Amino acid sequence: MSSRAGTPAQPSDLIDVRELVDAYFHRVPDLSDPAQRVVFGTSGHRGSSLDGAFTETHIAATTQAIVEYRAAHGITGPVFVGRDTHGLSRPAETTALEVLEANGVTALVDEFDDFVPTPALSRAIIAYNRAHAGGPQADGIVITPSHNPPRDGGFKYTPPHGGPADSDATGWIAARANELIEGGMREVRRSEPSAVETYDYRGEYVADLANAIDVDAIRGAGLHLGADPLGGASVHYWQLIAEKFGLDLTVVNPAVDPTWSFMTLDWDEKIRMDPSSASAMASVVAKRSEFDLLTGNDADADRHGIVTPDGGLMNPNHFLAVAIQYLFTHRDGWSPDAAIGKTLVSSSMIDRVAASLGRRLWEVPVGFKWFVPGLIDGSVGFGGEESAGASFLALDGSAWTTDKDGILLALAAAEIRAVTGKSPSTLYAELTAEFGDPAYARVDAAASKEQKARLGKLSGADITADTLAGDPITARLSEAPGNGAAIGGVKVETEHAWFAARPSGTEDVYKIYAESFRGPEHLAEVQAAAKDIVDTALGG
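Residues numbered from 1 in each chain as written. Predicted model: local features only at pLDDT ≥ 70, side-chain atom pairs only at ≥ 80, totals over all residues. Heavy atoms only, no water.

1. Quick word on the sheet that holds strand 5 (residues 139–143)
Within the open sheet, the 7 strands sit side by side as 1-2-6-5-3-4-7. Their pairing is mixed. Across the chains shown, the open sheet's two edge strands, defined by having one partner strand only, are strand 1 (40–41) and strand 7 (197–199). The pairing of strand 3 (residues 79–83) with strand 5 spans 5 bridges and is parallel. The partner of Gly82 across the bridge, within strand 5, is Val142. (Pairing = 2+ DSSP bridges. Helix = DSSP H or I, 4+ residues; strand = E, 2+ residues; numbered from the N terminus.)

2. Re the environment of Pro424
Topologically, Pro424 is positioned in helix 14 (residues 424–435). Using a relative accessible area of 0% as the deciding quantity, one classes Pro424 as buried. A sequence separation of 113 residues divides Pro424 from Gly311, and the C-alpha atoms of the two residues are 8.6 Å apart. (Buried < 20%, exposed > 50% of the residue type's maximum accessible area, 1.4 Å probe, protein only.)

3. Notes on the nonpolar core
Membership of the largest hydrophobic core comes to 74 residues, with the highest contact counts inside it found for Tyr205, Ile213, Trp238, Ile241, Phe382, Phe392 and Leu408. In terms of residues, this core owes the most to one element, helix 13 (residues 406–420), which gives 10 residues. For Ile241, the residues in contact, after removing those within four places along its chain, are Val206, Leu209, Gly246, Leu247, Ile407 and Leu411. Residues Ile59, Ala60, Val99 and Tyr157 belong to the second largest nonpolar core, which totals 38 residues. (Core = buried A, V, L, I, M, F, W, Y, C linked by side-chain atoms within 4.5 Å. Contact = heavy atoms within 4.5 Å.)

4. Let's talk about the sheet that holds strand 8 (residues 224–228)
Spatially, 5 strands are ordered 9-8-10-11-12 in an open sheet, and the strand pairing comes out mixed. Where the open sheet ends on each side, the last strands, each with one partner, are strand 9 (248–251) and strand 12 (312–313). Relative to strand 10 (residues 293–297), strand 8 runs parallel, the two being bridged by 4 bridges. Following the sheet pairing, Leu225 is matched in strand 10 by Leu293. Seen against the sheet, helix 8 (residues 235–245) touches strand 8, strand 9 and strand 10 and runs at an angle of roughly 160 degrees to strand 9. Running over the sheet, helix 13 touches strand 8, strand 10 and strand 11 (304–308) and is turned about 170 degrees from strand 10. (Axes fitted to C-alpha atoms, helices over the stretch in contact; angles between N-to-C directions.)

5. Here we look at the side chain of Asp139
Along the chain, Asp139 falls in strand 5. Non-local contacts of Asp139, meaning those with residues more than four positions away in its chain, are made with Arg70, Ile75, Pro78, Val79, Phe80, Ile125, Tyr157, Thr158, Pro159 and Pro160.

6. Focus: the packing of helix 10 (residues 316–327) against helix 14
Running from amino to carboxyl end, helix 10 crosses helix 14 at an angle of 85 degrees, the nearest separation of the two axes being 9 Å. Between helix 10 and helix 14, the angle falls in the class roughly perpendicular. Along its contact with helix 10, which presents His318, Phe319, Ala321, Val322 and Gln325, the element helix 14 presents Pro424, Leu427, Tyr428 and Leu431. Partitioned by chemical class, the residues of the contact of helix 10 with helix 14 number 7 nonpolar, 2 polar and no charged. (Parallel < 35°, antiparallel > 145°, perpendicular 65-115°, else oblique. Nonpolar A, V, L, I, M, F, W, Y, C, P; charged D, E, K, R; others polar.)

7. Some details on the packing of aromatic side chains
Under the defined criterion, the tally for this structure stands at 15 aromatic pairs. Consider the rings of Tyr24 and Phe54, whose centres lie 6.3 Å apart with planes at 40 degrees: the pair is tilted. Of this pair, Tyr24 sits in helix 1 (residues 17–26) while Phe54 sits in the loop between strand 2 (44–48) and helix 2 (56–72), placing them 30 residues apart in sequence. The exposure classification of Tyr24 matches that of Phe54, with both residues buried. Between the aromatic rings of Tyr69 and Tyr157, the centroid separation amounts to 5.8 Å while the plane-to-plane angle is 75 degrees, which identifies the pairing as edge-to-face. Residue Tyr69 is located in helix 2, and its partner Tyr157 is located in strand 6 (residues 152–158); the two are separated by 88 residues in the primary sequence. When sorted by exposure, Tyr69 lands in the same class as Tyr157, which is buried. Of note, Arg352 hangs over the ring of Phe517, and the distance from its end group to the ring centre comes to 3.5 Å. (Phe/Tyr/Trp six-rings, centres within 6.5 Å; stacked < 30°, edge-to-face > 60°. Lys NZ or Arg CZ within 6 Å of the ring centre and 35° of its normal.)

Here you go:
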């Protein structure tokens, strides 16, 4: 842990916004440098103009590629366009609108020029396409690097299902964007965005929350709630939520500042709006005794942080387990066959909760995109990731959002507190009393590029060990049990513990996620054994 982690940012930590925006408009990317090419990860194209990785050229080319992609796939409805509070988001939005306008594509921006959280845009697409079933379908563009530092920008394409695009779509769009840049941008059309249309993202999303959350119960309980947008896109949403539903809710920090000067530093002394990080949330946690429940969101509000008076900032895995246990016993409108969705690196406490509820567990690879089909058709009631991202069905069992919704989960925490009379931390303690108290951690291990490539292609059959930290191995997985998709690594399970190993996409390391229901000491043994098992399988 860095010595300055959790302490207020200093002037030397802040970006120069003018320099950042100037680089966006004037720096020309060098595509011979892989770091300056358009690359869509699990959350779109991200990078900084200061590194030549997020410039006007990138965004114009990517938007043109999206125009061509949607035309090739018969998507002829409007494009919902929203941005967060990062310094590069407004310039990128302007560029995207110029390209959409020149190509005759109708773009819908916020009616009040407000910031647009990722879940509000997902909800807008779902609502539009439901209302226009059989007609032209809409898709979207979200301009956000999520919780990334202030120097970064991000650009995501959202297909008509309202959730993250799959790798076929993002791969095609990135390849075409790079092709357009290499061609000197001659095929990229641009014009003044004078015919842009508007949509009330905030008003529609907030009004619709009553169809997903028991707001009457929250109001009736008289809870004193706090919400910290962490300077992100949800800032004006929380105020409207308080007003519309008559909640005693305080927006504890309504400031919006593209330098994020009010933040406390994350573990690595960087400014990062991560509501699951105790360091980034230090100033929020310090106020925990002032509220019955306090929550945080990241810059695009797709992640949540839950702070209780008795437990402080909850581990994301802990709150997921509590939310699942509550929702599947308080949602009569959901199908009795609706499954519980989790990524394979989420806590197996969820497995035990699912078994106690008699519900099917649907375990998928890392990436929220895998939950989209189930959330669309109602066969999955809840989908959650260990990194504090989740969404669930509306009260009637229909799709709410098909992307992560940090606002929804924060309100779910308030509903849980209101209906049960207990804090989510207390409820998690009850789960541990029933199922055991797992220790969970993620560590990194060094690996060359060649080893990472081999790890991504390993089969469960390549794991030859019979035991893990003293227990017989019960499963060796390279495909997710829920949908059979490759996990890009391996997962090894025993009765009491598990580990999963996946290559990092940005560093020469692989990530080891591990959990033990036998406590921290046994977890350390699992982690050490995991490294030995993986290194042996990699031939090193």
